[in-house]
Amino acid sequence: MNYDLELEKLKSYLKEHNCKTIVLQFPDGLKVFADKVIDELDKMNQEEGTDVMPIIWFGTCFGACDIPLGLNQFKTDLFVQWGHNVFNRVEGWK
Amino acid sequence: MKSLLIDARYNKPLKINQDTLDEIKKHKRVALYAAVQFIHLLPDIKKQLETVEGVEVVTSKPDRTDANYQILGCDCYWQNYQFADDIDAFVYIGDGFFHPLAMALAQRDTAKYRPVIIYDPKDDKKILIDLERIAPILRRYRSSLMKFKNADIVGVFVTTKPGQQQYKMSLKLKEKFPDKKFYYFAGDNFDYAKTEEFPFCKFWINTACPRIGLDDQVNYKVDTINLMDAFDVDKILSKDCLLTRI
């Protein structure tokens, strides 16, 4: 893979904050690697006794402006998006 | 945020035409339904049908509806209708195929097919949904059920739409099928074309509207079944019914 998904950083964060349900959002080019992330988290659950339930966002991921709504229904502890950085929202388009 | 739901009732007089009545006459016991736009007119339609000699008219209030005579697209399960005794045909008042197809598809796990007679008031015409119309849907769904038994990697789609969300129930899949690997997905819309973006999942379970897994599927190559059918896959495939016979 040509991209560093920073899984060690993610796993450290999950353990530090005791996250259970997490939603992962990937842009189109990285969606094919979503299973690798899940497999790594499943491995962490088995080996380290964590209880992380990862859910992959099925829909679009056009940028940090495109964070999905409604995830609180799953009692989501953490939302993770790959491939974008902070979007500084400005009122109106110009 | 508050929600306001508006029925958008049909505001013209409604009387079933002779062609439709002639079709209804062929049956002894018919079940009468409509979408919400027409249900306020159905007590009068029922009276009209009861003047037809030899025809008994029944109806019910399926679980998710708000009124007698009403039907929803998700009423594609036979038990939703709660019939005390069997019927010989369905009568649907309205236009479009989404609701009447639910009545046809609901019969898949029963032993016989009861035709769906549509009276479309907009065009003043009769339309019949016979078994041939739904046969390709049933054959495809049976094929997907059989493939699920051998699928080792399965994508599970859970919607964020509150009315259709079945996340808690979907988690039981992992207990029921410990030998399968499930990847969970969330989204506001299950788009079959989008499944190609996750090539590691060759098989999908839809937990949102059951019509996505049933009739939508025939337009795509992606094998999918609905959540509750996954739990009962052996029971469904071993039953002598339209789905397994067709």
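The structure reproduced in this document is the subject of the present report. Being a predicted model, the structure only gives us computed values, none of them experimental.

1. Topic: the interface of chain A and chain B
Part 1 of the argument: Chain A puts 21 residues into the contact, and the matching count from chain B is 27 residues.
Part 2 of the argument: Interface area for chain A against chain B, summed over the two sides, is near 1,900 Å², with a carbon-plus-sulfur share of 66%.
Part 3 of the argument: When the buried surface of chain A facing chain B is broken down by residue, Phe 58, Gln 73 and Phe 74 of chain A rank first, second and third, together holding 39% of it.
Part 4 of the argument: In this structure, the connection of chain A to chain B is made through three salt bridges.
Part 5 of the argument: Of the charged contacts, one joins Lys 31 of chain A and Glu 197 of chain B as a salt bridge, the two residues approaching to 2.9 Å between their closest N and O atoms.
Part 6 of the argument: Applying the counting rule to chain A against chain B returns nine residue pairs in polar contact (both at pLDDT 80 or more).
Part 7 of the argument: Elements with a contribution of two residues or more to the side of chain A that touches chain B: helix H2 (28-31), helix H3 (34-48) and strand E2 (53-57) of chain A.
Part 8 of the argument: Residue classes in the side of chain A that touches chain B are distributed as twelve nonpolar, four polar and five charged.
Part 9 of the argument: Relative to strand E7 (residues 181-187) of chain B, E2 of chain A runs parallel, the two sharing three bridges. Bridging across to E7 of chain B, Trp 57 of chain A finds its partner in Ala 186 of chain B.

2. Observations regarding the pairing of E2 of chain A
All names here are of chain A.
Part 1 of the argument: Across the five residues that make up E2, a large majority, five, are buried.
Part 2 of the argument: The alternating pattern of E2 places Met 53, Ile 55 and Trp 57 and Pro 54 and Ile 56 on opposite faces, both of which are buried.
Part 3 of the argument: Across four bridges, the pairing between strand E1 (residues 21-25) and E2 is parallel. The residue of E2 that forms the bridge with Ile 22 is Pro 54.

3. Points about the sheet that holds E2 of chain A
Part 1 of the argument: Spatially, E3(A)-E1(A)-E2(A)-E7(B)-E6(B)-E8(B)-E9(B) is the arrangement adopted by the seven strands of the open sheet, whose pairing is parallel. With one partner strand each, in any of the chains shown, strand E3 (78-81) of chain A together with strand E9 (223-226) of chain B form the two edges of the open sheet. Direction aside, neighbouring strands of the sheet carry axes that sit 30° apart on average.
Part 2 of the argument: Relative to the sheet, helix H4 (residues 131-150) of chain B contacts strand E6 (153-159), strand E8 (203-206) and E9 of chain B, its axis offset from that of E9 of chain B by approximately 90°.

What counts, and where the lines are drawn
- Residues numbered from 1 in each chain as written.
- Chains lettered and ligands numbered in written order.
- Predicted model: local features only at pLDDT ≥ 70, side-chain atom pairs only at ≥ 80, totals over all residues.
- Heavy atoms only, no water.
- Contact = heavy atoms within 4.5 Å.
- Buried area = accessible area lost by both parts, 1.4 Å probe.
- Salt bridge = Lys/Arg side-chain N within 4 Å of Asp/Glu carboxyl O.
- Polar contact = N/O pair within 3.5 Å; in protein donor to acceptor, adjacent residues only side chain to side chain.
- Helix = DSSP H or I, 4+ residues; strand = E, 2+ residues; numbered from the N terminus.
- Nonpolar A, V, L, I, M, F, W, Y, C, P; charged D, E, K, R; others polar.
- Pairing = 2+ DSSP bridges.
- Buried < 20%, exposed > 50% of the residue type's maximum accessible area, 1.4 Å probe, protein only.
- Axes fitted to C-alpha atoms, helices over the stretch in contact; angles between N-to-C directions.

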